[in-house]
Amino acid sequence: MDVEFRFHRALRGYLAATAGHLGVGLESCTVDLDLPTSAYLAVNRRLPEFPDRDLALLWDEVHGWAAAIETHSGEDLIVVSYLDTTTATPPPQRVARFLQDLCAGRSGLGRPDPPGLRVAGDHAVLARDLDAACE
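Residues numbered from 1 in each chain as written. Predicted model: local features only at pLDDT ≥ 70, side-chain atom pairs only at ≥ 80, totals over all residues. Heavy atoms only, no water.

**Quick look at the overall build of the protein chain**
Along the protein chain, the regular secondary structure elements total 3 helices and 6 strands. Reading the secondary structure of the protein chain in the N-to-C direction produces α-β-β-β-β-β-α-β-α. A compact globule built from 135 residues would reach a C-alpha radius of gyration of about 14 Å, and the protein chain, at 14 Å, matches this within 12%. Viewed in the frame of its principal axes, the protein chain has a C-alpha envelope of about 45 × 30 × 25 Å. Within the protein chain, contacts between residues at least 6 apart in sequence are counted, and of these 51% link residues at least 24 apart. Approximately 7000 Å² of the protein chain is accessible, and the part contributed by carbon and sulfur atoms is 50%. (Helix = DSSP H or I, 4+ residues; strand = E, 2+ residues; numbered from the N terminus. Rg over C-alpha atoms; globule rule 2.2 N^0.38 Å. Contact = heavy atoms within 4.5 Å. Areas by Shrake-Rupley, 256 points an atom, 1.4 Å probe, with all protein chains shown as cover.)

**A short note on unusual backbone geometry**
The linkage connecting Leu35 with the following residue, Pro36, adopts the cis geometry, with an omega of -10°. One non-glycine residue, Asp122, lies in positive phi territory at about 45°. Along the chain, Asp122 falls in the loop between β6 (110–111) and α3 (123–133).

**Looking at the sheet that holds strand β2 (residues 38–42)**
Pairing in this open sheet of 6 strands is antiparallel, and the strands run β1-β2-β3-β4-β5-β6 from one edge to the other. Of all strands in the sheet, those with a lone pairing partner are β1 (29–32) and β6, marking the two edges. Where strand β4 (residues 64–69) lies against strand β5 (residues 78–83), 4 bridges are found, and the strand directions are antiparallel. Paired with Ile69 across the bridge in β5 is Ile78. (Pairing = 2+ DSSP bridges.)

**Things to note about the packing of helix α1 (residues 3–21) against α3**
Remark: α1 packs on α3, axes separated minimally by 8 Å, with the N-to-C direction vectors making an angle of 30°. With respect to each other, α1 and α3 are oriented roughly parallel. When you trace α1 past α3, the crossing you get is left-handed. For the pair α1 and α3, contact is made by Val3, Glu4, Arg6, Phe7, Arg9, Ala10, Leu11 and Tyr14 and by His123, Ala124, Leu126, Ala127, Leu130, Asp131 and Ala133, respectively. When grouped by side-chain class, the residues that make up the contact of α1 with α3 number 10 nonpolar, 1 polar and 4 charged. (Axes fitted to C-alpha atoms, helices over the stretch in contact; angles between N-to-C directions. Parallel < 35°, antiparallel > 145°, perpendicular 65-115°, else oblique. Left-handed = near helix turned anticlockwise from the far one by under 90°. Nonpolar A, V, L, I, M, F, W, Y, C, P; charged D, E, K, R; others polar.)

**Focus: the nonpolar core**
If you look at the biggest cluster of nonpolar residues, it comprises 31 residues, and the most contacted ones within it are Leu22, Leu41, Leu57, Trp59, Trp65 and Leu130. Of all the secondary-structure elements, those providing two or more residues to this core are α1, β2, β3 (55–60), β4, α2 (92–103) and α3. The dominant element in this core, judged by the number of residues it contributes, is α1, at 6 residues. The contact partners of Leu57, leaving out residues within four places of it in the chain, are Leu22, Ala39, Tyr40, Leu41, Val43, Trp65, Ala66, Ala67, Val95, Phe98 and Leu99. (Core = buried A, V, L, I, M, F, W, Y, C linked by side-chain atoms within 4.5 Å. Buried < 20%, exposed > 50% of the residue type's maximum accessible area, 1.4 Å probe, protein only.)

**Let's talk about the pairing of β1**
Here 4 bridges tie β1 to β2, and the two strands are oriented antiparallel to one another. Of the residues in β2, the one forming a bridge with Val31 is Ala39. Here β1 hands over to β2 after 5 residues, the two strands then running antiparallel side by side.

**Notes on the state of the cysteines**
This structure, assessed with the given rule, holds 0 disulfides. A disulfide-free cysteine, Cys29 has its sulfur positioned 12 Å from the sulfur of Cys134, the nearest such atom. (Disulfide = S-S within 2.5 Å.)

Here's what the structure looks like:
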């Protein structure tokens, strides 16, 4: 099977599983397949520190997951915390717990700076990691 096809399928499955744990559907997600591959996942929650700002989760193959708030001016999102993990593909339940902790005002699973978890590319390995995270 073609590596990129397997990778796209694995990424879609991982994002669907993560969205499901967050109580939203895959339609809340957009994907950018350029290098580094990244995704945007809209969530129906807000942070206590920013009650008037929409919240989203961002994922990319280098830094993993981050929580970001929307701006009112149409500028780039503002990252408020990165999931503190050693892999770009943590289990969807861990991503959901990260968001739950942030929304409750706890930051135990977060970090302020982006972790360098992997180098972009090698989608054969990343597809395997995405599939494993959903098992």
